[in-house]
Amino acid sequence: MSECRQPPRLVLLGKQGAGKGTQAARLADHYGAAHLSTGELFRAQAASGTAFGLEAKRYMDAGDLVPDEIVLGVVEECLAPGGPLGDGFILDGFPRTLPQASALDGLLGSHGLDLVIDLEVPREIVLDRIAGRRVCENCQRVYHVNSPPTVNWTCDTCGGEVKQRDDDTEEAVERRLTLYDQETVPIIEYYRERGLLTVVDGVGEGDEVFERLVKVVDDRIHA
Ligand SMILES: [Zn+2]
């Protein structure tokens, strides 16, 4: 991190499996900003058994997008006064629809977003990444059918059971990708029209992609 400056307010867009969760966490670390991932919030709430969380999980397991009003409620809570608004944030998994994008503008008021990044990865690559993904039930470490744990789907880190998530089957992934195209592509146009959008190539090693992301963010916030 270089000289003192306001941490950025970013939205990271991309298909599920584009690697945006990992990259968003790294960017948050790098810039000292909060990482707000709606997917993780939903899973955490489902695991603790709240009615709201279980409802969100039901949509996710079916490969459906979580309805706007549920998503907005969570994000509004996250961005409430005293939250990360003043310190910058990386939004990951939100907004996904035009109503969500325009509601976010309303929440942010006059100091809006600095940049919206579309992390671009072809459909066939994300399909292989997600449908082949296996996750430790206990510590959430992520494996792939091509790089499994050493011993019989037992986690190398914690000994937990490594299995496919309910919402990672090929059928569920295909449905989500189609929904993504239908619902999220219009918000790419929305942000392009406002001069906020930049597209970053998400294919390659994680470090390589991270460097591309830092470059576009630095170019924007130093401009
Ligand atoms: Zn584990």
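This report concerns the structure included in the present document. These numbers were taken from a predicted model, which means no experiment stands behind them. (Residues numbered from 1 in each chain as written. Predicted model: local features only at pLDDT ≥ 70, side-chain atom pairs only at ≥ 80, totals over all residues. Heavy atoms only, no water.)

## Describing the pairing of strand β3 (residues 89–92)
Step number 1: By the alternation rule, side chains of β3 split into F89 and L91 and I90 and D92, which are all buried.
Step number 2: Of the strand pairs in this sheet, strand β1 (residues 9–13) and β3 are connected by 4 bridges, and their pairing is parallel. Bridge pairing links L10 to I90 in β3.
Step number 3: In terms of strand pairing, strand β2 (residues 34–37) meets β3 through 4 bridges, oriented parallel. If you follow L36 over to β3, its bridge partner there is L91. (Buried < 20%, exposed > 50% of the residue type's maximum accessible area, 1.4 Å probe, protein only. Helix = DSSP H or I, 4+ residues; strand = E, 2+ residues; numbered from the N terminus. Pairing = 2+ DSSP bridges.)

## Section: the sheet that holds strand β5 (residues 133–136)
Step number 1: Taken in spatial order, the 3 strands make up an open sheet running β6-β5-β7, and their pairing is antiparallel. Since the sheet does not close on itself, it has two edges, and those belong to β6 (142–144) and β7 (162–163), each with one partner.
Step number 2: The pairing of β5 with β7 spans 2 bridges and is antiparallel. Paired with V135 across the bridge in β7 is K163.

## Some remarks on the side chain of T97
Step number 1: The topology assignment puts T97 in the loop between β3 and α5 (98–108).
Step number 2: For T97, a relative accessible area of 9% corresponds to the buried category.
Step number 3: Polar side-chain contacts of T97 include one of 3.0 Å to the side chain of D68.
Step number 4: Those residues within four positions of T97 in sequence are excluded, and the remaining contacts are D68, E183 and I187. (Polar contact = N/O pair within 3.5 Å; in protein donor to acceptor, adjacent residues only side chain to side chain. Contact = heavy atoms within 4.5 Å.)

## Here we look at helix α1 (residues 20–31)
Step number 1: The terminal C-alpha atoms of α1 lie 16 Å apart, and with 12 residues this matches the ideal 16 Å at 1.5 Å per residue to within 8%.
Step number 2: Inspection of α1 places K20, Q23, A24, L27, A28 and Y31 among the buried residues, and these make up the whole buried set. Viewed along the axis of α1, the buried residues span an arc of 140°, placing them on a single side of the element. Looking at α1, the residues exposed on the side facing more than 90 degrees away from the buried face are T22 and D29.
Step number 3: Structurally, α1 contributes buried residues whose contacts are with β1, β2, β3, β4 (115–120) and α8 (206–221).
Step number 4: Phi for G32, located one or two positions after α1, is positive at around 65°. (Expected span 1.5 Å × (residues − 1). Arc of directions from axis to C-beta.)

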